[in-house]
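# Survey of secondary and tertiary structure
Next come the chains, spelled out residue by residue.
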Amino acid sequence: MLRRTLPHAVPFLGRRRGAVVRLGCWSLLESAQTFLGGYGVAAALDRGFLAGRPGVGLGWLAVAAAAVVVGGAATNRVFHHLAGLVEPLRDGLVRRVVDAALSAAVAGRDASGGRTAVSRLTHQTEAARDAFAGVVMVTRSFVFTVAGVVAGLAALAPELLVVVLPPLAAGLALFAAALRPTAARQRDYLHADEELAARIGTAVSGLRDIAACGAQGRTADAAGELIDAQTRAARALARWAAVRTLTLQLAGQAPVVLLLAAAPWLLERGVTAGELLGALTYLTQALLPALNTLMTGLGAAGTRLLVILDRLTGQEDPPLPVGTTPRAVVAGDGTPGAAPRQRAYSPAAARPRAAPPAAPQGGVPGGVPQGGVPVLELRSLSFSYGPGAIPVIDRLDLRVEPGEHLAVVGPSGIGKSTLFALVAGLLTPAHGRVLVDGAPVQRPDQDPFAARRALIPQQAYVFGGTLRDNLLYLRSGGAPAAAVDAAVRAVGLEELARRLGGLDSPVRPSALSQGERQLIALARAYLAPARLTLLDEATCHLDPAAEARAEHAFADRPGTLLVIAHRLSSARRADRVLVLDGTRAVAGRHGELLRRSETYRDLVGHWAPRHA
């Protein structure tokens, strides 16, 4: 981290020599204050009070007091010129963050929707500016304070340096040696904190998926591991804080103790009582406070500054996501804005499926009841959010047969996701029943048959393990490598797998686009043992070709598919379409619903191009 940051720091300071020189000149007055503080006390005692001349003693004390006033004025000017260093740093960081954010947005690499850039602009750059100002002030103050102390001790009696300098040098050397590991522990702590926040945020956005899969325990265990890692990082950081305390004792307290212990020897060498008192004044009133400020400032603000600068200037942008969802992409020949070079998927290439046989109508108008046990059956299903509320689902009857592909459509907020949550067992009906393979649906953590169904929500849940771990999330017993490879090919995950480095490469969820996360969740569901798959707008971040490929893959997969459609093409691919309009539900084929359902005609009118 230091190796990456220092090459930026040296040219930055070199381009601002004027500001550095002005800071140094005003700081010299502060070192004069330090020099006269101890020297004035020694002269007041030896030349004034002990010599029987109190006026002389008071005069020297007045000189020391005047030096304090002059030093205060110098400090004020230091703050005035500090902006010449601090503000250019902040401006440069802002430009870098904005450039990186714009490049990521244009290239489609920003998976956070701009939240990372906002955090860096509003929080991290301001924190870097404040930390840099603090580091400059404490470092400058310490350097010139030490210069004033050393000059004062040498002027009083060179023998004093023999006692004071060795422990001071040893303490500073130990402190300097601890800076790098302290910064590393600070970085580890921040990384652990960010990983924990990212995992919790991902888990919260995927709560329905987690609950539907009955994976609460596994998710809690994964979060617990990150909490333990954060705790270990905090303890390691605390241990290095203890080392900082030790260096303060060695560099600041040890010289005072040694000076008192060596007083007889110093007096024998001709050091006067005033010179001893002046030396103690230097140590206790100047050196020790400066050391405390330096070690606190560099140990906390300094290491934090290194970490933030490393984030803002040292990290490379994540590679361009390969997949189906970038808003703007870079073509394979490096031409910005060109279309991605990826194999197009044609629905015609899919294996033909026969439509389910026709049957007498019943239940939902347009339904296709069959003999035997349906995969999904809804009996007078009703649900409302609270007593007295208008039902979102009202006395809905529906049969979905094995192998059927059903699309669910309706205006926004009409209850499509609520229906899927009821089927997945995440919500409890107010009235009626939900049966899967003839068995009542229960909460996933209480349902012995929960593995028969899989719900993939719009916000796909991806965690920080390997890509293979993510794909096997619903297969606790594992799966053959050939089955995993087949799932990857079926939903079009090959390009992402290659970019990540293979199935056994780690996944960083924050570096993935929403569409890429959806592809991983789709492959996971494809690999799952579930006979009933519920896609709750799980392809909304994919482009039409990728969406078609995924839906055809699930339609060709053994089992039954329910899809919340948000495109006309998705509805037309289904065997039947269920239309929810808030008053009654209608099911049927696309052409039939165009004649029978005004709601469906309105939806198709919104989906279809006006000139079509």
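The structure we're discussing is the one just above.
A short tour of the structure in this document, coming up. None of these values were measured; they are calculated from a predicted model. (Residues numbered from 1 in each chain as written. Predicted model: local features only at pLDDT ≥ 70, side-chain atom pairs only at ≥ 80, totals over all residues. Heavy atoms only, no water.)

Another aspect to go through is unusual backbone geometry. The phi torsion at serine 380 lies on the positive side, around 45 degrees, for a residue other than glycine. Within the secondary structure, serine 380 is located in strand β1 (residues 376-383). Of note in the backbone geometry, arginine 395 takes a positive phi value of approximately 50 degrees without being a glycine. Take arginine 395: it is sitting in strand β2 (residues 393-400). Using a relative accessible area of 60% as the deciding quantity, one classes arginine 395 as exposed. (Helix = DSSP H or I, 4+ residues; strand = E, 2+ residues; numbered from the N terminus. Buried < 20%, exposed > 50% of the residue type's maximum accessible area, 1.4 Å probe, protein only.)

A few words now on helix α7 (residues 216-261). In a regular helix each residue adds 1.5 Å, so 46 residues correspond to 68 Å; α7 covers 65 Å between its end C-alpha atoms and thus fits that length. Largest kink in α7: about 40 degrees, centred on glutamine 253, with the proline proline 255 one to four residues after it. (Expected span 1.5 Å × (residues − 1). Bend = angle between axes of the 7 residues up to and from the residue.)

Once that is clear, we can look at the pattern of salt bridges. Per the counting criterion, the structure on display carries 12 salt bridges. With a shortest N-O distance of 3.1 Å, arginine 573 and glutamate 551 are connected by a salt bridge. With a gap of 22 residues between them, arginine 573 in helix α16 (residues 568-573) and glutamate 551 in helix α15 (residues 544-556) connect regions that are remote in the sequence. For the pair formed by arginine 573 and glutamate 551, the shared burial category is buried. When the shortest N-O distance is used, the salt bridge between arginine 596 and glutamate 592 registers 3.1 Å. With arginine 596 and glutamate 592 both in helix α17 (residues 590-596) and 4 residues apart, this pair spans about one turn of that helix. For glutamate 592, a relative accessible area of 18% gives the class buried. (Salt bridge = Lys/Arg side-chain N within 4 Å of Asp/Glu carboxyl O.)

Here the focus is the sheet that holds strand β3 (residues 405-409). Read across the sheet, 6 strands follow the order β6-β7-β8-β3-β9-β10 without closing on themselves; strand pairing throughout is mixed. Strand pairing shows two members of the sheet lacking a second neighbour, β6 (453-456) and β10 (585-588), which therefore form its edges. Put simply, the sheet's adjacent strands are angled 15 degrees from each other on average, direction ignored. As paired strands, β3 and strand β9 (residues 576-580) are joined by 4 bridges and run parallel to one another. (Pairing = 2+ DSSP bridges. Axes fitted to C-alpha atoms, helices over the stretch in contact; angles between N-to-C directions.)

What follows is about the packing of helix α12 (residues 481-491) against helix α14 (residues 514-527). Between α12 and α14, the least distance of the axes is 9 Å, while the angle of their chain directions is 130 degrees. Comparing their axes, α14 and α12 come out oblique. As α12 runs across α14, the sense of the crossing is right-handed. Here Ala483, Val484, Ala486, Ala487, Ala490 and Val491 of α12 lie close against α14, whose contacting residues are Leu519, Leu522, Ala523, Tyr526 and Leu527. A per-class count over the contact of α12 with α14 returns 11 nonpolar, no polar and no charged. (Parallel < 35°, antiparallel > 145°, perpendicular 65-115°, else oblique. Left-handed = near helix turned anticlockwise from the far one by under 90°. Contact = heavy atoms within 4.5 Å. Nonpolar A, V, L, I, M, F, W, Y, C, P; charged D, E, K, R; others polar.)

In this section: the nonpolar core. Core analysis: the largest hydrophobic core is formed by 33 residues, its most contacted members being Leu153, Leu160, Leu259, Leu266, Leu287 and Leu291. For this core, the elements supplying multiple residues, two or more each, are α2 (17-49), α4 (115-156), α5 (159-205), α7, α8 (263-268) and α9 (273-314). Per-element tally for this core: the top contributor is α9, with 11 residues. When near neighbours in sequence (up to four residues on either side) are disregarded, leucine 153 contacts Pro158, Leu160, Leu161, Val164, Ala279 and Tyr282. The next biggest cluster of nonpolar side chains, apart from the first, holds 32 residues, and it includes Ala487, Ala497, Ala550 and Phe554. (Core = buried A, V, L, I, M, F, W, Y, C linked by side-chain atoms within 4.5 Å.)

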